[in-house]
Amino acid sequence: LAATLHFDQRNPHHCHNLFTHTLITVDGIANREEKILLIAAFFHDVGKTKVAMEKAGRLVFYGHATKSSFIAAQVLKDMRYSPEEIEMITFYVRHHDDFISYALPSECRNIRNPYITVINELNIRKYVSQMLDKYPNIFAKQDLRMVMMNLLNLCTADIKAQAKYVYMNNVIIDSMEHKLSKIYAIRNVMEIVIDAYT
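In this text the structure is predicted, and so the values were computed from the model without any measurement.

Asks: Tell me about the overall build of the protein, residues and numbers included.
Replies: Helix and strand content of the protein: 9 helices and 6 strands. For 198 residues, the compact-globule formula gives about 16 Å, and the C-alpha radius of gyration of the protein, at 17 Å, lands near that figure. With respect to the principal axes defined by its C-alpha atoms, the protein has extents near 50 × 45 × 30 Å. For the protein, buried positions account for 44% of its 198 residues. Sequence-distant contacts in the protein: of pairs separated by 6 or more residues, those separated by 24 or more amount to 64%.

Asks: A description of the packing of helix α1 (residues 18-27) against helix α2 (residues 35-43) should follow, citing residues and the corresponding values.
Replies: A pair of packed helices is characterised by two quantities: the angle between their axes and the separation of those axes. Viewed as axis vectors pointing N to C, α1 and α2 meet at an angle of 165°, and their least axial separation amounts to 8 Å. Viewed along their axes, α1 and α2 adopt a mutual orientation that is roughly antiparallel. Handedness of the α1/α2 crossing: right-handed. Contacts between α1 and α2 pair T22, T25 and V26 from the former with L38, A41 and F42 from the latter. Its residues assigned to classes, the contact of α1 with α2 comprises 4 nonpolar, 2 polar and no charged.

Asks: Would you mind going over the packing of helix α4 (residues 64-78) against helix α5 (residues 83-95) in detail, with residue names and values included?
Replies: It is the contact of α4 with α5, at a shortest axis distance of 8 Å, that shows an interaxial angle of 160°. Between α4 and α5, the crossing angle belongs to the class labelled roughly antiparallel. Crossing of α4 against α5: the hand is right-handed. Only I86, I89, T90, V93 and R94 of α5 make contact with α4, whose side of the interface consists of A65, T66, S68, S69, A72, A73, L76 and K77. Across the contact of α4 with α5, the residue classes tally to 7 nonpolar, 4 polar and 2 charged.

Asks: Provide a residue-level description of the nonpolar core, including the pertinent values.
Replies: Grouped together as the largest cluster of nonpolar side chains are 48 residues, with contacts concentrated most on F91, Y92, F99, F139, M148, I186 and M190. Only α2, α4, α5, α6 (121-134), α7 (136-141), α8 (144-160) and α9 (176-197) provide two or more residues apiece to this core. Considering each element in turn, this core owes the most residues, 10 residues, to α8. Excluding residues within four positions of it along the chain, F99 makes contact with Y127, L151, L152, C155, I183, I186 and M190. Core analysis: the second largest hydrophobic core is formed by 5 residues, L18, V51, L59 and F61 among them.

Asks: Describe unusual backbone geometry, listing the residues and the values that go with them.
Replies: Phi at A56 takes a positive value of approximately 55°, unusual for a residue other than glycine. Of note, A56 is situated in the loop between β1 (53-55) and β2 (58-60). Judged by its relative accessible area of 78%, A56 is exposed. For N170, which is not glycine, the phi dihedral falls at a positive 65°. With a relative accessible area of 77%, N170 lands in the exposed category.

Asks: I'd love a proper account of the pairing of strand β5 (residues 165-168), names of residues and values included.
Replies: When β5 meets strand β6 (residues 171-175), the two strands line up antiparallel, connected through 4 bridges. Counterpart to Y165 in the pairing with β6 is S175. In textbook terms, the turn of a hairpin is the stretch between consecutive antiparallel strands, and for β5 and β6 this stretch comprises 2 residues, one of which, N169, has a positive phi near 55°.

Rules used throughout
Residues numbered from 1 in each chain as written. Predicted model: local features only at pLDDT ≥ 70, side-chain atom pairs only at ≥ 80, totals over all residues. Heavy atoms only, no water. Helix = DSSP H or I, 4+ residues; strand = E, 2+ residues; numbered from the N terminus. Rg over C-alpha atoms; globule rule 2.2 N^0.38 Å. Buried < 20%, exposed > 50% of the residue type's maximum accessible area, 1.4 Å probe, protein only. Contact = heavy atoms within 4.5 Å. Axes fitted to C-alpha atoms, helices over the stretch in contact; angles between N-to-C directions. Parallel < 35°, antiparallel > 145°, perpendicular 65-115°, else oblique. Left-handed = near helix turned anticlockwise from the far one by under 90°. Nonpolar A, V, L, I, M, F, W, Y, C, P; charged D, E, K, R; others polar. Core = buried A, V, L, I, M, F, W, Y, C linked by side-chain atoms within 4.5 Å. Pairing = 2+ DSSP bridges.

Structure below.
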């Protein structure tokens, strides 16, 4: 964790050093009673210092969520957290960036990018189905709605700890408001999909 203290993320999406970003994310968790989620927020980006790579004059952090989950698992094991708690915390850490490539339907009319996922019922249903298949232990013990809403809560807190506007070559290419609008759209569709499961 000490490595995050003065770590300049040098990325247009981030206006804070990594430690400050982490603290703001933890503070932004809406459900303060969800201790597991607060711990996940604390660890969500800890792996960035291990995977940071230079690309086009900025840093990128490919695979940081997975790396962060491995670091969290080891620390939590050393601190004697239960296997169930570790599994839940690392689930949130590993998946906190899952929705970065999702786009509003209005943004996808003429885009043929295979890395973009349209926010619609079909794609959210596929996502939920994949999570249920991949993590049967978690969803045998935890409420699907609670887990998915907690994950979106972490995504929201993470976004609110980022730059208000994203500039590249002195042009605004994205904003916090835009990212939040995508998460709110995902949340609305997720509610519909989860209703169909229950």
